[in-house]
Structures are given as C-alpha cells and as structure tokens.
Amino acid sequence: MTSKKSSVWLCALVLGLSLAVGLGAPSPVRAQDPSAGEPTAADVAQGGQPGGDVPQETYSQEETLAAAQKFFGGTTSGLAKAIEKAFSELGRPVGYIIGNEGSGAFVVGLRYGEGELVYKGGGSTKVYWQGPSVGWDIGGNASKVFTLVYDLRWTKDLFQRFPGVDGSLYVVAGVGLNYQRANGITLAPIRTGVGLRAGASVGYLAYTREKRINPF
C-alpha cells in the first residue's frame, strides 16, 4: 500500500514538474527576414496589408501617358513611344516615381536624384537615389525623370540597389528609356532634359529613404 502511494506521488510530482517547465519555458522567437516578404514595423506603420503595403491596382497606358505629360509639361512623340515600349514589354505598373536628377561623367560618372513614389491605389512616399556608372560615358545632364514601377509589393523593397539591364537603353526624339532590375522588381526610368550623356555605361542606382552624398 505504501509502495503504491509512493508511486502515485512520484508520478504526480513528475507530471507537475513537466507542466511547470512547459508553461515557464519561453516559446522560440523566429527572426524576421525582410527579404522573405514578412512585414516590418515600418511597413505596418505605412498601413501594411496581408498582400503587401503597396496597392496592387495598376495604371493603364492612357493614365500613365497623361501623368507623364502633366509632369513633363507637354507631350512629344518620343514620350508616347517610350511609354508604349515599356507597356509592350513590361505591362501595367503599380506606381511611378516623379523627380529630378543631375549627373555627370568622364569615364566614371555619378548620378543623384530625388522624387516621390506615387501609387495607383493612393498614397506616396519620398524617394532619393544615387549611384555610379563606369564605361565610355562623357558629358553632363540635368533632367526630369518619370520612372514606372513594376512588381513592387512592399515599399521597403524599393530601397536597394538596382543595376541597369544591359541592352535596355532606348532613345527616341529626345527621350530616353532604360530598365533597372533587382529581386523581381523592375524600374523603367524615362528621362528628358538638357545636356548629353553619350556612350555605353554600366552601373546601378541605389534608392534610399534619406538623401546620401556617398553614391556607393
């Protein structure tokens, strides 16, 4: 009888300790990886949604051309053709960046700009960009830039380096278009302005939340 009671008390003691350890032990915390698509605190603050904080409504070609015409202060055949080319190759964008930039080069070039990212579904955010270029590139340029934005789901994902896509440069009637791509996101800057940048160069632009002097 005593042996049986001892066994019962022993089992109860083991069970109690097991429950105490299980309830008292902290649950493992999984590190958040921004690249995995998980929302960060900044994303939530910007109105994060389950599918991303960038509204996934898209601009039509007519809406995009109208916005570009308003931004550049008029329409040209070159602007219409550049937008038509972007739509034929990339489709409808979820937003666009409007801004100004200055650049200069003698073999090694630098480019700085600032603007605003505008979403079709509402909302906007300030954006800066800077970067180097290396190649047979001579001249200076001050220009307005209208950049189409594709496949962006979280605003935070814009803030990274975007290398230029080799062979994507398209120039027509004083308007230039090229593609930049990183991690499934494509940007298509359309530029007009004064000055000359001649030659074939390779480089990248780093898009940031704050203005930076160092282009690297």
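Rules and cut-offs
- Residues numbered from 1 in each chain as written.
- Predicted model: local features only at pLDDT ≥ 70, side-chain atom pairs only at ≥ 80, totals over all residues.
- Heavy atoms only, no water.
- Phe/Tyr/Trp six-rings, centres within 6.5 Å; stacked < 30°, edge-to-face > 60°.
- Helix = DSSP H or I, 4+ residues; strand = E, 2+ residues; numbered from the N terminus.
- Buried < 20%, exposed > 50% of the residue type's maximum accessible area, 1.4 Å probe, protein only.
- Lys NZ or Arg CZ within 6 Å of the ring centre and 35° of its normal.
- Expected span 1.5 Å × (residues − 1).
- Polar contact = N/O pair within 3.5 Å; in protein donor to acceptor, adjacent residues only side chain to side chain.
- Contact = heavy atoms within 4.5 Å.
- Core = buried A, V, L, I, M, F, W, Y, C linked by side-chain atoms within 4.5 Å.
- Salt bridge = Lys/Arg side-chain N within 4 Å of Asp/Glu carboxyl O.
- Arc of directions from axis to C-beta.

Draft legend 1. Structural detail: the packing of aromatic side chains. Inspection of every chain in the model, using the stated rule, returns 7 aromatic pairs. Relative to F146, the ring of F71 lies with its centre 6.3 Å away and its plane at 40°, an arrangement referred to as tilted. Here F146 lies in strand β2 (residues 124-150) and F71 lies in helix α3 (residues 61-72), a separation of 75 residues in the sequence. We classify F71 as buried; its relative accessible area is 17%. Cluster of aromatic residues (ring-pair linked, three or more members): Y59, F71, F72, Y96 and F146. A cation sits over an aromatic face here: K85 above Y170, 4.9 Å from the ring centre.

Draft legend 2. Broad picture of α3. For α3, spanning 12 residues, the distance from its first C-alpha to its last is 16 Å, which sits close to the expected 16 Å at 1.5 Å a residue. Positioned one or two residues after α3, G73 has a phi angle of 85°, which is positive.

Draft legend 3. Layout of the side chain of Q180. With respect to the secondary-structure elements, Q180 resides in strand β6 (residues 180-182). Classification of Q180 as buried rests on a relative accessible area of 4%. In terms of polar contacts, Q180 uses its side chain to reach the side chain of Y207, at 2.9 Å. Discounting residues that sit within four places of it in the chain, Q180 has contacts with F162, P163, G164, V165, I185, T186, L187, P189, R191, L205 and Y207.

Draft legend 4. Here's a closer look at the side chain of T125. The topology assignment puts T125 in strand β2. Residue classification places T125 among the buried residues on the basis of a relative accessible area of 19%. The contacts of T125, once residues within four sequence positions are left out, are G115, E116, L117, Y119 and T155.

Draft legend 5. Seen up close, the nonpolar core. Counting residues in each nonpolar core, the largest one holds 20 residues, and the members touching the most others are L79, Y96, F146, L148, L177 and I190. Breaking this core down by element, the ones donating at least two residues are α3, α4 (77-90), β1 (95-119), β2, β5 (175-177) and β7 (185-195). Those residues in contact with L177 that sit more than four places away from it in its chain are A82, K85, A86, S168, L169, Y170, A188, P189 and I190. By size, the runner-up hydrophobic cluster in this structure holds 17 residues, among which are V94, V149, L158 and Y207.

Draft legend 6. Spatial organisation of unusual backbone geometry. Notably, D151 is not glycine yet its phi reads approximately 60°, a positive angle. Its location among the elements puts D151 in the loop between β2 and β3 (161-163). Residue class for D151 comes out exposed when judged on its relative accessible area of 53%. Notably, N183 is not glycine yet its phi reads approximately 50°, a positive angle. Within the fold, N183 resides in the loop between β6 and β7. The class of N183 is exposed, set by a relative accessible area of 71%.

Draft legend 7. Looking closely at the pattern of salt bridges. If you walk through the whole model with that rule in mind, you get 7 salt bridges. For the salt bridge of E101 with R191, the shortest nitrogen-to-oxygen distance reads 2.4 Å. Of this pair, E101 sits in strand β1 while R191 sits in strand β7, and the two are 90 residues apart along the sequence. What makes E101 buried here is its relative accessible area of 5%.

Draft legend 8. Looking closely at the environment of E62. Relative to the assigned elements, E62 resides in helix α3. Remark: the alpha-carbon pair of E62 and E84, spanning 22 residues in sequence, is separated by 9.7 Å.

Draft legend 9. Fine view of α4. In this model, α4 (14 residues) spans 20 Å end to end at C-alpha, consistent with the 20 Å of a helix rising 1.5 Å per residue. Every buried residue of α4 is accounted for by G78, L79, A82, I83, A86 and F87. Looking straight down α4, one finds its buried side chains confined to an arc of 165°; they lie on one side. Remark: G91 follows α4 within two positions and exhibits a positive phi of approximately 90°.

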